[in-house]
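Here is what each chain is made of, one letter per residue.
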Amino acid sequence: MRALRTLLASLALAAAGVLALAAATNGFRAFTTETARRQDVRAHPRLLPAIALESDRGVALQLSAYRGRWLLIDFVYTRCETYCSALGGEFAQLQGLLAAPIASNRVALLSISFDPAHDDPAALRAYRQRFGDRGAGWTAARPANAAALTAVTQNFGLKAVPDGLGGFVHNVSLAVVDPTGRLVDILDSGDPRAIAASLQKRIGT
Amino acid sequence: MHPALRRGALALLACALLAAPPLRPLLEASMTLQMLMQIPLLVAIGWWLAGALPRRAADAVADWNTGGVTGLVLASMVALLWMLPRALDAAVDIRWVAAAKFVSVPLLIGLPLGLSWPRMGFVVRGVFFMEFVATCFRLGWLYLASPDRLCSNYLLDDQQRLGRLLLVIGAEVLLLLMAKLLFGRFRFDDGAHEAPAPPAGAPHTAPHLPGKPTRRGH
């Protein structure tokens, strides 16, 4: 009897454990926070709230001002020497690849700094120029206040961890926002052609 | 105060200390400390708490826990959950997940292991150790080999240091096991050779002897 009870209890616990594991991993598809977040965004696009930004020209800018256009957002801090430099170059390339939809006001590129204390409009402008800004469709901006910075990190699932060397290590490569202001996708950086192609497909050109 | 009650209170206090500043932020500042210090300490508290369980409750549980198998299954499943990188992240960022960790690691990993260990025979303990070593190697290798950060909260070098330490821990446990197998002494007829003697006067919960009818006779 005891052996049978033990068998039943063990099987029940093992089954409950597998169910719990499945629930905790989106059905064994997401073992990391980042993967889970991307799957979640794709399955349930979410409307972004108004977020107050300050552009690299020192002008107040609402995130919602981009409604009506497809928006590609990357997250940077201008002191970054490694990863963000690659991102900067990539945005300049995307400016070229998406020149037509940018010219017709259907796509915009936005770099948001998560280090607003350091990244004032002048630093943001210098960042854009350093990476070969081609003059149209790319704005760099910083959150206008602490609440806006919190809104950015929460709504995009952005997490910047100090790297111990005065910089940050962070996630979230490229956020895709549709013309109605919903976050619809999070993409890896590194392949501007693929990103441009996926965006062209969404626009339908 | 009754010794069992005192032990319960002390265990609660120890968990509360671990769940509050300064210990919580300190131990969660790195992936290595969280996985190799904080979680093992919580397991140890639960294990230690097992000794405070009233004898009647322990006996009732034992009826469903022949050879400590049920306890090992429960502890393994819950441990698996807290090995997910996603769970480690969420335990730092989300309050209810943190609460779930500080409650479930002692009560659903440590406590069942503490109750089951004295009941485990040679084979079940062997399964436990091999699974422990294999998990150390699997996770260690994964953390060392992954070019990506698996936890959004932690840095890559932290993850790789944890990977190296897990490989070292797995190898050390394996070496100790081999030494024990080569030079140690075993009693294969008794599943409870390391169980502490029950206190005088308490009803004797006999180890379950394989191949013989149990004392309870059912």
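Before reading on, note that the structure itself is shown above.
Residues numbered from 1 in each chain as written. Chains lettered and ligands numbered in written order. Predicted model: local features only at pLDDT ≥ 70, side-chain atom pairs only at ≥ 80, totals over all residues. Heavy atoms only, no water.

> Teacher, can you tell me more about the overall build of chain A here?
Scanning chain A from N- to C-terminus turns up seven helices and 10 strands. Its C-alpha atoms give chain A a radius of gyration of 21 Å, clearly above 17 Å, the size a compact globule of 205 residues would have. Referenced to the eigenvectors of the C-alpha coordinate spread, the extents of chain A come out at roughly 80 × 45 × 30 Å. The burial tally for chain A puts 48% of its 205 residues in the buried class. (Helix = DSSP H or I, 4+ residues; strand = E, 2+ residues; numbered from the N terminus. Rg over C-alpha atoms; globule rule 2.2 N^0.38 Å. Buried < 20%, exposed > 50% of the residue type's maximum accessible area, 1.4 Å probe, protein only.)

> Any chance you could explain unusual backbone geometry here in plain terms?
Among all residues save glycine, negative phi is the norm, and among peptide bonds the norm is trans. Along the chain, B:Pro21 connects to B:Pro22 via a cis peptide bond; the corresponding omega equals 5 degrees. Take B:Pro22: it is sitting in the loop between α1 (3-19) and α2 (23-27). One non-glycine residue, A:Asn26, lies in positive phi territory at about 50 degrees. Inspection of the secondary structure assignment puts A:Asn26 in the loop between α1 (2-24) and α2 (33-43). A positive phi angle, near 65 degrees, is found at A:Asn105, a position not held by glycine. Here A:Asn105 lies in the loop between α4 (99-103) and β5 (107-113). Take A:Asn105: its relative accessible area is 48%, and that puts it in the partly exposed class.

> I keep staring at the packing of aromatic side chains and nothing clicks. Help me out?
Aromatic ring pairs are defined here through the distance separating the ring centres and the angle between the ring planes. Throughout the structure, instances matching the rule amount to 12 aromatic pairs over all chains. Each ring, one from A:Phe114 and one from A:Phe168, has its centre 5.5 Å from the other, and the planes form 85 degrees; the classification is edge-to-face. Residue A:Phe114 is located in the loop between β5 and α5 (121-130), and its partner A:Phe168 is located in strand β8 (residues 168-170); the two are separated by 54 residues in the primary sequence. Centre to centre, the rings of B:Trp47 and B:Trp117 are 6.0 Å apart; their planes meet at 50 degrees, and the pair counts as tilted. Within this pair, whereas B:Trp47 is found in helix α3 (residues 31-49), its partner B:Trp117 is found in the loop between α7 (95-116) and α8 (122-145), the two being separated by 70 residues in sequence. Overall, the relative accessible area of 33% leaves B:Trp47 in the partly exposed class. Among the aromatic residues, ring-to-ring pairing joins B:Trp47, B:Trp117, B:Phe128, B:Phe129 and B:Phe132 into one connected group. (Phe/Tyr/Trp six-rings, centres within 6.5 Å; stacked < 30°, edge-to-face > 60°.)

> Explain the interface of chain A and chain B to me, please; I cannot follow it from the model alone.
Often the size quoted for an interface is simply the accessible area lost on bringing the parts together. On the side of chain B, 27 residues touch chain A, which itself brings 29 residues to the contact. When the two sides are added together, the surface that chain A and chain B hide from each other amounts to roughly 2,500 Å², 63% of it contributed by carbon and sulfur. Contact with chain B buries area across many residues of chain A, yet A:Arg2, A:Arg5 and A:Lys159 alone supply 29% of it, more than any other trio. There are three salt bridges connecting chain A and chain B. For A:Arg5, the salt bridge goes to B:Asp63, with nearest N and O atoms at 3.9 Å. Applying the counting criterion to the chain A and chain B interface returns 14 residue pairs in polar contact (both at pLDDT 80 or more). Sorting the residues of the side of chain A that touches chain B by element identifies α1, α2, β7 (160-162) and β8 of chain A as the ones contributing at least two each. Considering every element that reaches the side of chain A that touches chain B, the biggest residue donor is α1(A), with 13 residues. (Contact = heavy atoms within 4.5 Å. Buried area = accessible area lost by both parts, 1.4 Å probe. Salt bridge = Lys/Arg side-chain N within 4 Å of Asp/Glu carboxyl O. Polar contact = N/O pair within 3.5 Å; in protein donor to acceptor, adjacent residues only side chain to side chain.)

> So what exactly am I meant to see when it comes to α3(B) here?
Given 3.6 residues to a turn, an α-helix orients residues that are three or four positions apart in the same direction. Residue and element names in this part refer to chain B. When the terminal C-alpha atoms of α3 are compared, their 26 Å separation across 19 residues agrees well with the 27 Å that a helix rising 1.5 Å per residue should span. Taken together, the buried positions of α3 are Met31, Thr32, Gln34, Met35, Gln38, Ile39, Leu42, Val43, Ile45, Gly46 and Leu49. On the buried face of α3, the contacting elements are α1, α2, α6 (85-93), α7, α8 and α9 (156-183). A distance of 3.3 Å separates the backbone nitrogen of Thr32 from a side-chain oxygen at the start of α3, and that oxygen is part of Ser30. (Expected span 1.5 Å × (residues − 1).)

> I tried to follow the pattern of salt bridges on my own but got confused; where do I start?
A side chain with one charge may pair with a side chain of the opposite charge, provided their charged atoms come close. Evaluation of the coordinates by the stated rule reveals 17 salt bridges over all chains. A salt bridge links A:Arg2 to B:Asp63; the nearest nitrogen and oxygen atoms lie 3.4 Å apart. With A:Arg2 in helix α1 and B:Asp63 in the loop between α4 (55-62) and α5 (69-81), this pair bridges two chains. No difference in accessibility class separates A:Arg2 from B:Asp63, as the two residues are buried. With a closest N to O distance of 3.6 Å, A:Arg57 and A:Asp56 form a salt bridge. Under the relative-accessibility criterion, A:Arg57 is labelled exposed at 56%. Among the charged side chains, a network of salt bridges with common partners joins A:Arg2, A:Arg5 and B:Asp63.

Without other data, these values stay purely geometric and don't point to any function.
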